[in-house]
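Each chain, letter by letter, is given below.
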Amino acid sequence: MSDVTAESDVAAGSGITAGNSAAAGDEIATAGGVTAGSKAAGRRRPGRRPGSADTRGEIMAAARRTFAEKGFDKATIRGIAREAGVDPALVHHYFASKEGLFVAAMELPVNPEDVIPLLVAGPREETGERLVRFILTITSDARARQPVLALMRTAMTNEQVVGMIREFMTHALLEKVGEALGVPPIRMEAAFAQLFGVVLVRYVIKLEPIASVGVEELVALLAPTIQRYIDGS
């Protein structure tokens, strides 16, 4: 869907009259013997500032600035929309939620809102295996893991980024998984800390043999430990 179509849909859903289309305006102008430009002058489609060709990109750029400055918790859809010069309804149209906007802005490979239901579905005794396989499979794709590793590296030297990632992980991922499984926060944090540690050793430090062993071998090794965190045993 193009930006213009999306904005027209948002405007209509918000009860705002977008006005006649440019094509209809041209036909009326031609029939009345006046130029299309005279009819189109002064008209402005709602939703974004004039002259913008990439509304979605501008929203993501505004989101990066806002998340970096205020963190995940204090950033709001309304504030990001104001920074981008668009209507908040347009942000919701493109990204659905603040979590979805964060994922898109940071170029993360997955949205927790999509993944969490898959992780917590199925037999509880296999949750550790599902979680380990998911993390290792996603990060085995070089294109998918690069944004994650870039954020991790930046977090090591940038306190603002640390806070932003911590808030996102806590509220968009760990708390929701923990609540769905009935697992205390400290156990969920320990489980994810171990998995992220493995990712760092595998792809940043490249310590052998972890760096080159197959995903399934690592799943078999790590899943029982992660399951113990979940079960509390």
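These lines cover the structure that appears in this document, whether it is placed above or below.

## Describing the packing of aromatic side chains
One pass over the structure, following the stated rule, counts 7 aromatic pairs. Seen in terms of ring centroids, Phe-67 and Phe-72 are 5.9 Å apart; in terms of plane orientation they differ by 20°. Their pairing is stacked. Of the residues examined, Phe-67 reaches a relative accessible area of 0% and is grouped as buried. Judged by centre distance (5.3 Å) and plane angle (80°), the ring pair of Phe-72 and Phe-168 falls under edge-to-face. Taken together, the residues Phe-72 in helix α4 (residues 55–74) and Phe-168 in helix α11 (residues 159–181) connect sequence positions 96 residues apart. The exposure class of Phe-168 is buried, given its relative accessible area of 8%. Taken together, the ring pairs connect Phe-67, Phe-72, Phe-102 and Phe-168 into an aromatic cluster. Lying over the aromatic face of Phe-72, Lys-98 brings its terminal NZ or CZ to 4.6 Å of the ring centre.

## Quick look at the pattern of salt bridges
Summed over all chains, the structure comprises 5 salt bridges. Among the salt bridges present, the one from Arg-65 reaches Glu-83, with a minimum N-O distance of 2.9 Å. Of this pair, Arg-65 sits in helix α4 while Glu-83 sits in helix α5 (residues 77–84), and the two are 18 residues apart along the sequence. Taken together, the shared-partner salt bridges connect Glu-129, Arg-133 and Glu-216 into one network.

## Some points on the nonpolar core
In terms of nonpolar packing, the biggest core is built from 60 residues, with Ile-59, Phe-67 and Leu-101 touching the most fellow members. If you tally residues by element for this core, the top one is α11, at 9 residues. Excluding anything up to four places from it in sequence, Ile-59 contacts Ile-80, Ala-84, Val-86, Val-91, Tyr-94, Phe-95 and Leu-101.

## Observations regarding the layout of surface pockets
What the largest pocket holds in volume is close to 620 Å³. For the largest pocket, the lining is made up of 26 residues, of which Val-148, Met-152, Met-169, Leu-173 and Phe-196 are closest to its centre. Elements with a contribution of two residues or more to the lining of the largest pocket: α8 (112–120), α9 (127–140), α10 (142–155), α11 and α12 (185–205). By residue class, the composition of the lining of the largest pocket is 24 nonpolar, 1 polar and 1 charged.

## Let's talk about the environment of Phe-134
Here Phe-134 lies in helix α9. Through-space distance from the C-alpha of Phe-134 to that of Leu-119 is 8.2 Å; in sequence the pair is 15 residues apart. When neighbours within four sequence positions are excluded, Phe-134 is seen to be in contact with Val-110, Val-115 and Leu-119.

## Some words on the packing of α9 against α12
How two helices sit against one another is set out by the angle between their axes and by the gap between those axes. The contact between α9 and α12 brings their axes to 11 Å, and the two run at 30°. With respect to each other, α9 and α12 are oriented roughly parallel. Our pair here, α9 against α12, has a crossing hand that is right-handed. Between α9 and α12, the residues in contact are Leu-131, Val-132, Ile-135, Leu-136, Thr-139 and Ser-140 and Phe-192, Leu-195, Val-198, Val-199 and Tyr-203, respectively.

## Things to note about the packing of α8 against α9
Taken N-terminus to C-terminus, the directions of α8 and α9 make an angle of 145°; their axes are 9 Å apart at the nearest point. In this structure, α8 contributes Val-115, Leu-118, Leu-119 and Val-120 to the contact, and α9 contributes Thr-127, Arg-130, Leu-131 and Phe-134. Considering only residue class, the contact of α8 with α9 consists of 6 nonpolar, 1 polar and 1 charged.

Scoring rules and cut-offs
- Residues numbered from 1 in each chain as written.
- Predicted model: local features only at pLDDT ≥ 70, side-chain atom pairs only at ≥ 80, totals over all residues.
- Heavy atoms only, no water.
- Phe/Tyr/Trp six-rings, centres within 6.5 Å; stacked < 30°, edge-to-face > 60°.
- Buried < 20%, exposed > 50% of the residue type's maximum accessible area, 1.4 Å probe, protein only.
- Helix = DSSP H or I, 4+ residues; strand = E, 2+ residues; numbered from the N terminus.
- Lys NZ or Arg CZ within 6 Å of the ring centre and 35° of its normal.
- Salt bridge = Lys/Arg side-chain N within 4 Å of Asp/Glu carboxyl O.
- Core = buried A, V, L, I, M, F, W, Y, C linked by side-chain atoms within 4.5 Å.
- Contact = heavy atoms within 4.5 Å.
- 1 Å grid on protein atoms, 1.4 Å probe; cavity = no way out; pocket = protein on both sides within 12 Å on 5 of 7 lines; lining within 4 Å.
- Points joined across faces, edges and corners; volume = space filled by probe spheres on them.
- Nonpolar A, V, L, I, M, F, W, Y, C, P; charged D, E, K, R; others polar.
- Axes fitted to C-alpha atoms, helices over the stretch in contact; angles between N-to-C directions.
- Parallel < 35°, antiparallel > 145°, perpendicular 65-115°, else oblique.
- Left-handed = near helix turned anticlockwise from the far one by under 90°.

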